[in-house]
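What the coordinates show
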Amino acid sequence: MTALADFSLNPHPPAQPDLHGYNVERIRADFPILHQKVHGHPLVYLDNAATSQKPRQVIDAIVRYYERDNANIHRGVHYLSEKATEDYENSRKTVQEFLGAGDCREIIFVRSTTEAINLVAQTYVRQHLGAGDEVLITAMEHHSNIVPWQMVCQEKQAKLQVAPINEDGELILQEFERLLSPRTKIVSVAHLSNALGTINPLRQIIQMAHARNIPVLVDGAQSAPRLAVDVRELDCDFYAFSGHKIYGPTGIGVLYGKLPLLEAMPPYQGGGDMISSVSFERTIYNKVPHKFEAGTPDISGPIGLRAALEYINRLGIESIERHEHELLEYATERVSAFPGIKLIGTAKEKAGVLSFVMEGVHPHDIGTILDQEGIAIRTGHHCAQPVMQRFGVPATARASFGLYNTKEEIDALVSGIEKVQEVFG
Amino acid sequence: MAGLRDLYQEVILEHSKVPRNYREMADADHKAEGFNPLCGDRFTVYLHMEGDAIQDISFQGSGCAISKASASMMTQMLKGKTRAQAEKLFETFHTLVTGHGPGPESELGKMAVFAGVSEFPARVKCATLAWHTLQAALENKQDAVSTE
């Protein structure tokens, strides 16, 4: 075992478990990376919307797989191959339960949310989109929920429609509904905006679209780690999320799709594993989900992801949601108290993300000065350039919270901002 | 904090707040736009050449303190310089901000204050954005010359 968890580096006194039994200090002990100094200060990691850190349970699961169980899946009769196949498929089951899906065949492993969206764009939508048809997204989307649609729209001479947002960064629902037309072939929206922190009213969005028989894809990259999701209750047609933002490894993502849709969709990539039989005359494709998982997949990815989801299940996603909500409220109150700071994204329903700009100081400079204090935040356009244009700013500084962050870390952020003002004073 | 003070020297902060030659140039004979897609910094550099000499130079755009101050001080430094001199100065400046010398006594004069950037590799692109944009503007001129 490594001796990374050196608590002498942690300046914060052990917190008492809160009323709900959420013991953040005990949680922090599970994350080896948090216990280090950066530029002489204890690391304060507030860049969770970019990627999250991994608990020892996830790291151990991946190590264990490579040390004991590694083999290719779905092909061998030998012990290790059967073991690896079982672990891989059990991970699918864990994801199914986590999302509340009715059938584990509705869970497809991909590389990332980005790949999940591209898969739907290049299979389902490519099949159904014709010249003059439309795809509807919102003005708060991440580039990964814009560009795949632009690509398929361009190819099919279809139109990408964008529903506007208001000054608080909330979707204008009437405008959204107005843009739903008989030519709309799919709606694709973020559950939770990575740049603004806005939680979209998914139930209403989905009802409005379904009333016109339009399927809805939900980009869950930011919501899966911090909001309870039940795909059957939501009744979304597709839901995508990434492993690395939910305390799992990079390189693994999930596409949930309703079974009848997936079964009718053409395959995404060709190769091994996605076929039942191949001859030069005729190839028969495998059943879902394997039809969409060509080639040897990332096997350690789903195994690591499973450990991450089990970790979250043990804490309870509702407890995480509550914890992060308290952090966001506290951070909003403290950061917005600074003169000259303007929050970007002030929706009534928000989670996880605090985006701001500071008068006279570019976000990039804020980022460098905070980094010197050991505080990691994201500065820039957050892969959402249209959002920046909407608010007339070139970039923002963004602090984003995770299940292991503390109020003391927000105090450190506030001290860091004071330092920024000192330098630029 | 020492590193931060090296980066954000008074003269850099002052130029970022009150940038010099910060204007659109109506009679520019060459201009180029520079863009750092990673952080969203965007500048336009305007040139008015007289023969081989930079008769006038200005810039506009948005960016962080480092990129703005670098652009401001660059325009002050390059007025009256020849293209060859400007290119040589960019080379020297690039060497400075990437931490490969030269010392503060170099021909960079006031711009030697950017030496602190070398401790912040992520900020090298900020410091050199205006210079890359200048180079693009100068190359436009070469193209024009070769066409004639």
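Residues numbered from 1 in each chain as written. Chains lettered and ligands numbered in written order. Predicted model: local features only at pLDDT ≥ 70, side-chain atom pairs only at ≥ 80, totals over all residues.

Moving on, we get to the overall build of chain A. The secondary structure content of chain A amounts to 14 helices and 17 strands. With the C-alpha coordinates of chain A rotated into their principal frame, the extents come out at 75 × 55 × 35 Å. Relative to its full complement of 425 residues, chain A shows a buried share of 50%. For chain A, the proportion of contacts with a sequence separation of at least 24, taken over those separated by at least 6, is 71%. (Helix = DSSP H or I, 4+ residues; strand = E, 2+ residues; numbered from the N terminus. Buried ≥ 20, exposed ≤ 12 C-beta atoms within 10 Å, placed from the backbone. Contact = placed C-beta atoms within 7 Å.)

Moving on to the sheet that holds strand E16 (residues 378-380) of chain A. Residue and element names in this part refer to chain A. In spatial order, the strands read E13-E14-E17-E16; together these four strands make up an open sheet with antiparallel pairing. Because the sheet does not close on itself, it has two edges, and the strands there are strand E13 (341-343) and E16. For this sheet, the mean inter-axis angle between neighbouring strands, taken without regard to orientation, is 30°. In the sheet, E13 pairs with strand E14 (residues 353-358) via three bridges, with the strands oriented antiparallel. Looking at E14, one finds that Ile341 is bridged to Met358. On the sheet, helix H11 (residues 317-336) packs against E13, E14 and strand E17 (396-400) and is oriented at approximately 10° with respect to E14. (Pairing = 2+ DSSP bridges. Axes fitted to C-alpha atoms, helices over the stretch in contact; angles between N-to-C directions.)

Take the interface of chain A and chain B next. At the interface, 14 residues of chain A touch 15 residues of chain B. For the side of chain A that touches chain B, the secondary structure elements donating two or more residues are helix H12 (363-372), E16 and helix H14 (407-424) of chain A. When residues in the side of chain A that touches chain B are grouped by element, the largest group, five residues, is from H12(A).

Residues and elements named next belong to chain A. In space, the seven strands of this open sheet follow the order E4-E10-E9-E8-E7-E5-E6, with mixed pairing throughout. The strands lining the two open edges of the sheet, one partner per strand, are strand E4 (107-110) and strand E6 (159-163). Shown here is a sheet whose adjacent strand axes are inclined to one another by a mean of 20°, direction ignored. Note that strand E8 (residues 216-219) and strand E9 (residues 238-242) share three bridges and pair parallel. Bridging across to E9, Asp219 finds its partner in Ala240. Here helix H3 (residues 79-99) sits on the sheet and contacts E4, E9 and strand E10 (253-257); the angle it forms with E4, its principal contact strand, is near 115°. Seen against the sheet, helix H7 (residues 202-210) touches strand E7 (184-190) and E8 and runs at an angle of roughly 160° to E8.

What follows deals with the pairing of E9(A). Two faces make up the sheet, and in a regular strand the side chains alternate between them. All names here are of chain A. In terms of residue burial, E9 counts as a mostly covered element, since five of its five residues are buried. What you see with E9 is no split at all: Phe238, Ala240 and Ser242 on one side and Tyr239 and Phe241 on the other are buried throughout. Pairing of E9 with E10 involves five bridges; the strand directions are antiparallel. What sits directly across from Phe241, in E10, is Val254.

Residues and elements named next belong to chain A. Mapped onto the fold, Lys348 is located in the loop between E13 and E14. What makes Lys348 exposed here is the crowd of 8 C-beta atoms within 10 Å. Remark: the alpha-carbon pair of Lys348 and Asp168, spanning 180 residues in sequence, is separated by 8.2 Å.

Our next topic: the domain arrangement of chain A. Residues and elements named next belong to chain A. You can read the domains of chain A as domain 1 (7-46 + 316-424) and domain 2 (59-313). Relative placement of domain 1 and domain 2: their C-alpha centres are 29 Å apart. Each side of the interface is counted separately: domain 1 has 22 residues, and domain 2 has 20 residues. When contributions to the side of domain 1 that touches domain 2 are tallied by element, the ones reaching two or more residues are H11, E14 and helix H13 (385-391). (Domains from an automatic or database assignment.)

The next thing to look at is helix H10 (residues 300-315) of chain A. Residues and elements named next belong to chain A. When the terminal C-alpha atoms of H10 are compared, their 23 Å separation across 16 residues agrees well with the 22 Å that a helix rising 1.5 Å per residue should span. Where burial is concerned, most of H10 is hidden: 12 out of the 16 residues are buried. Among all positions in H10, only Ser300, Gly301, Pro302, Ile303, Gly304, Leu305, Arg306, Ala307, Ala308, Leu309, Tyr311 and Ile312 are buried. Here the buried face of H10 lies against helix H2 (56-69), H3, E4 and H11. (Expected span 1.5 Å × (residues − 1).)

All names here are of chain A. Helix length check: helix H4 (residues 113-128) (16 residues) gives 21 Å between terminal C-alpha atoms against 22 Å at 1.5 Å per residue, within 8%. Its maximal kink placed at Ala121, H4 deviates by approximately 30°. The element H4 is largely enclosed, with a buried count of 12 among its 16 residues. (Bend = angle between axes of the 7 residues up to and from the residue.)

Another aspect to go through is the confidence of the model for chain A. Summary statistics for chain A give a mean pLDDT of 94 and a share of 95% for residues scoring 70 or more. Counted against residues more than four places away or in other chains, residues 1-16 of chain A, with its pLDDT under 50, gives 21 contacts. (pLDDT = per-residue confidence, 0-100.)

The next point concerns the environment of Leu171(A). Residues and elements named next belong to chain A. When you line up the elements, Leu171 lands in the loop between E6 and helix H6 (173-179). For Leu171, a count of 23 C-beta atoms within 10 Å puts it in the buried group. Considering only alpha carbons, one finds Leu171 and Val58, 113 residues apart in sequence, at a separation of 36 Å. When sequence neighbours within four positions are dropped, the list of residues in contact with Leu171 reads Thr138, Ala163, Ile165, Phe176 and Asn200.

Turning our eyes to something else, we now look at the confidence of the model for chain B. Regions with low pLDDT should not have their predicted coordinates read in detail. Residue and element names in this part refer to chain B. Across chain B, the average pLDDT comes to 88, with 91% of residues at 70 or higher. Contacts of residues 141-148 to residues separated by more than four positions or lying in other chains number two contacts, the stretch itself having pLDDT below 50. Interface confidence in the predicted complex, given as ipTM, is 0.86; pTM for the same model is 0.91.

Turning to unusual backbone geometry, a few remarks are in order. All names here are of chain A. Going from Val288 to Pro289, the amide bond is cis rather than trans, its omega being 0°. Looking at where Pro289 falls in the secondary structure, it is placed in the loop between strand E12 (283-285) and H10. With a phi close to 55°, Gln157 is a non-glycine residue in the positive phi region. When you line up the elements, Gln157 lands in the loop between helix H5 (147-156) and E6. Positive phi, normally seen in glycine, also occurs at Asp235, with a value near 65°. You can call Asp235 partly exposed: it has 14 C-beta atoms within 10 Å.

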